[in-house]
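Single-letter residue listing:
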Amino acid sequence: MESRRSSGDMGRIASWVKSHRPMYDRATQHPFVVGISDGSVDLSAFKRWLAQDYIFVKEFVPFLASVLLKAWKHSDDESDMEILLGGMASLSDELAWFRKEASKWDVKLVGIVPQKANLEYCRFLQSLMLPEVDYAVAITAFWAIETVYQESFSLCLDSSSKTPEELMETCQRWGSANFGHYCRSLQKIADRCLEKASSDIIRKAEEAFVCVLEHEFNFWNMSCGE
Ligand SMILES: Cc1ncc(CN)c(N)n1
């Protein structure tokens, strides 16, 4: 994949969102999410997503720990640690929320087998945890993973959406303005790291971004039962 220079005042991340727009939209406006926002979602798909995402989030914790470790070792800005620690605290909250939500929907979380798309996504996370993966690459992937959920679930909070009341809490968790602010902080960190990165690291970060979009799309498809 060719690495492009970011154009004008646009940061590297915004330029990638622009140049990969079709893939970005495919990941952030998936029929699963559109179904939540227009009220047509199949509740069995929602329950499948809930159980599979719980498995994913459990894997996401060590991934974020590896990003934190990289920030501690390589970041030149102390506020990165603060932002990432805040992210770790919300993951702890998120896991508790999954358990509560699962009991509300009568979804079993124990003994659930991860499906293929989930396994592949978790394997990708594990590959990014390796110490040789640069901080700029890992933080770009982290930003992308959080942002896909932010963009997706914020769709369901639009004034024109018909999101069912019982799914509003799910949508607020990732679609809220607060979570949006957090994602923009991650984007700033990623842009700052990429500004100083070599062309090889920039190329790897762009590849990681594209891989996240692909995995997120597959994850939604899996949730729909495809
Ligand atoms: C698959 C997936 N992608 C992103 C997120 C947001 N942390 C999540 N919970 N699950």
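Residues numbered from 1 in each chain as written. Predicted model: local features only at pLDDT ≥ 70, side-chain atom pairs only at ≥ 80, totals over all residues. Heavy atoms only, no water.

Draft legend 1. Looking closely at the site of the ligand. Neighbouring the ligand are the residues Asp53, Phe56, Val57, Phe60, Glu94, Tyr121, Ile145, Glu146, Tyr149, Trp174, Glu216 and Phe219. One of the side-chain nitrogen or oxygen atoms of aspartate 53 is found 2.6 Å away from a nitrogen atom of the ligand. Between the ligand and glutamate 146 there is a distance of 2.7 Å, counted from a nitrogen atom to a side-chain nitrogen or oxygen. Counting residues per element, the ones that place at least two in the shell around the ligand are α4 (43-74), α7 (135-155) and α10 (199-223). Sorting elements by how many residues they give to the shell around the ligand places α4 first, with 4 residues. (Near = heavy atom within 4 Å. Polar contact = N/O pair within 3.5 Å; in protein donor to acceptor, adjacent residues only side chain to side chain. Helix = DSSP H or I, 4+ residues; strand = E, 2+ residues; numbered from the N terminus.)

Draft legend 2. Structural detail: α7. Taking 1.5 Å per residue as the helical rise, α7 with its 21 residues ought to reach 30 Å, and the 30 Å between its terminal C-alpha atoms agrees with that figure. Counting buried positions along α7 gives 18 out of 21 residues, so the element sits mostly inside the fold. Near the N-terminus of α7, the side chain that reaches the backbone nitrogen of alanine 136, with its oxygen 2.9 Å away, is that of aspartate 134. (Expected span 1.5 Å × (residues − 1). Buried < 20%, exposed > 50% of the residue type's maximum accessible area, 1.4 Å probe, protein only.)

Draft legend 3. Just the packing of aromatic side chains, in detail. Per the counting criterion, the structure on display carries 28 aromatic pairs. Ring centres of tyrosine 54 and phenylalanine 98 lie 6.2 Å apart, and the angle between their planes is 50 degrees; this geometry places the pair in the tilted category. In this pair, tyrosine 54 sits in helix α4 while phenylalanine 98 sits in helix α5 (residues 79-104), placing the two residues 44 residues apart along the sequence. Accessibility expressed as a relative area gives 7% for tyrosine 54, which makes it buried. Judged by centre distance (5.6 Å) and plane angle (25 degrees), the ring pair of phenylalanine 56 and phenylalanine 60 falls under stacked. Placement of both phenylalanine 56 and phenylalanine 60 in helix α4 is noted, with a separation of 4 residues, approximately one turn of the helix. Across the pair, phenylalanine 60 and phenylalanine 56 agree in class, each one buried. Following the ring pairs from residue to residue traces out a cluster consisting of Phe32, Phe46, Trp49, Tyr54, Trp97, Phe98, Trp105, Tyr149, Phe153, Trp174 and Trp220. Here arginine 26 stacks its cationic end above the ring of phenylalanine 217, 3.8 Å away from the centre of that ring. (Phe/Tyr/Trp six-rings, centres within 6.5 Å; stacked < 30°, edge-to-face > 60°. Lys NZ or Arg CZ within 6 Å of the ring centre and 35° of its normal.)

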